[in-house]
Amino acid sequence: DLLYAIYEEEGYEPAEIPEKILTHNLYGIEIDERAGELAAFALTMKARAKQRRFFYKGVRPNICVLEKVRFDEDELKEVARNQLSVVSKETKAAFIHDMKAFEKADNFGSLIRPMMTTEQISQIEKIISDYWQLHIDCTLFERLTYQKMLQALLQADYLSPKYHVVIANPPYMGSKGMNLTLATWLQGNYANVKSDLFSAFIVRNTKLALTKGQIGFMTPFVWMFISTYEKLRYYLIHQKTITSLV
């Protein structure tokens, strides 16, 4: 509704606005497929309420449901050696890291931090797509590798730091409720805020926003005074700016 009002104030035609909002302004990241479908449905119906012929436009909301993507070691080495021979060593290393990062995407979700920049992702996506367009006689196995890479690159792009506004109601789960894999991974990747998932997500989501971006969270209030969250408080006070606290 706010974005619609902004477009109206700028003089855009009402019939154009819903498509522009869903194409350029709203992005969602979800770990649960049904929740992603419901969000897409709600946004589509909202757009239809504003524009009667919206269904004919074929516009789909930008919602990425994170999927588990697994590669064999040989698959990635083959791609890095052949298709990506023209990119730098740093880009290759970041590519291999990010392709492996989604092996447990169904467990870690958007806490995963890709190494590739949006520019590197675009570069690799173009190289790989151009390669497969030239090699139309590829095997079924090669085609599956290509599809997996496209999915992993899409997920890495959604998890890149490129948003002006990030809004989240992060999951609340103390260490006792976590499975061993998740608890161990948090210890290695979010040691200072590992006691509850919501605190790890606060730190993670600050990295999704651009410099001077705005971030909003719905979280428990215990982080403000319990000693367990002292390092989170220090991070927010000394590295970020709280503009509103309700």
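Computed from a predicted model, the values in this text were never measured in an experiment.

Conventions and cut-offs
Residues numbered from 1 in each chain as written. Predicted model: local features only at pLDDT ≥ 70, side-chain atom pairs only at ≥ 80, totals over all residues. Heavy atoms only, no water. Core = buried A, V, L, I, M, F, W, Y, C linked by side-chain atoms within 4.5 Å. Buried < 20%, exposed > 50% of the residue type's maximum accessible area, 1.4 Å probe, protein only. Contact = heavy atoms within 4.5 Å. Helix = DSSP H or I, 4+ residues; strand = E, 2+ residues; numbered from the N terminus. Arc of directions from axis to C-beta. Phe/Tyr/Trp six-rings, centres within 6.5 Å; stacked < 30°, edge-to-face > 60°. Lys NZ or Arg CZ within 6 Å of the ring centre and 35° of its normal. Lys, Arg positive; Asp, Glu negative; His and termini not counted. Salt bridge = Lys/Arg side-chain N within 4 Å of Asp/Glu carboxyl O.

A. Looking closely at the nonpolar core. With 52 residues, the main nonpolar core has Phe95, Met99, Met116, Ile128 and Leu186 as its most contacted residues. Other than its neighbours up to four places away in sequence, Leu186 contacts Leu111, Met178, Ala191, Lys194, Leu197 and Ala200.

B. Quick look at helix 4 (residues 73-81). Buried residues of helix 4: Glu75, Leu76, Val79 and Ala80, and no others. Angularly, the buried residues of helix 4 cover 125 degrees about the axis, an arc narrow enough to put them on a single face. Projecting away from the buried face of helix 4 at angles above 90 degrees are the exposed residues Asp74 and Arg81. For helix 4, the secondary structure elements touched by its buried residues are helix 5 (89-101) and helix 8 (140-158).

C. Summary view of the packing of aromatic side chains. For the structure on display, the rule yields eight aromatic pairs. Centre to centre, the rings of Tyr172 and Phe198 are 6.2 Å apart; their planes meet at 85 degrees, and the pair counts as edge-to-face. Residue Tyr172 is located in the loop between strand 3 (163-168) and helix 9 (180-189), and its partner Phe198 is located in helix 10 (residues 197-206); the two are separated by 26 residues in the primary sequence. Given a relative accessible area of 44%, Tyr172 falls into the partly exposed group. A centroid spacing of 5.9 Å and a plane angle of 55 degrees characterise the contact between Trp185 and Tyr190, whose relative ring orientation is tilted. Both residues of the pair, Trp185 and Tyr190, count as buried. Linked through ring pairs, Tyr27, Tyr158 and Tyr163 together constitute an aromatic cluster. Stacked on the ring of Phe55, the Lys or Arg Arg48 has its end atom at 5.9 Å from the ring centre. Positioned over the ring face of Tyr4 is Lys50, at 4.4 Å from the centre of the ring.

D. Representation of the environment of Lys148 within the structure. Of note, Lys148 is situated in helix 8. Discounting residues that sit within four places of it in the chain, Lys148 has contacts with Val69, Arg70, Phe71 and Glu75.

E. Spatial organisation of unusual backbone geometry. Residues other than glycine seldom take positive phi values, yet Lys212 does so here, at roughly 70 degrees. With respect to the helices and strands, Lys212 occurs in strand 4 (residues 209-217). A residue is classified by how much of its surface remains accessible, and Lys212, at 81% relative accessible area, is exposed.

F. Molecular detail of the side chain of Thr91. Checked against the element boundaries, Thr91 lands in helix 5. You can call Thr91 buried: its relative accessible area is 5%. Non-local contacts of Thr91, meaning those with residues more than four positions away in its chain, are made with Gln120, Gln123 and Ile124.

G. Quick look at the side chain of Arg233. Mapped onto the elements of the fold, Arg233 is located in helix 11 (residues 230-239). Buried and unpaired, Arg233 has Glu230 as its nearest opposite-charge partner, separated by 5.1 Å. Those residues in contact with Arg233 that sit more than four places away from it in its chain are Trp223, Met224, Phe225, Ile226 and Ser227.

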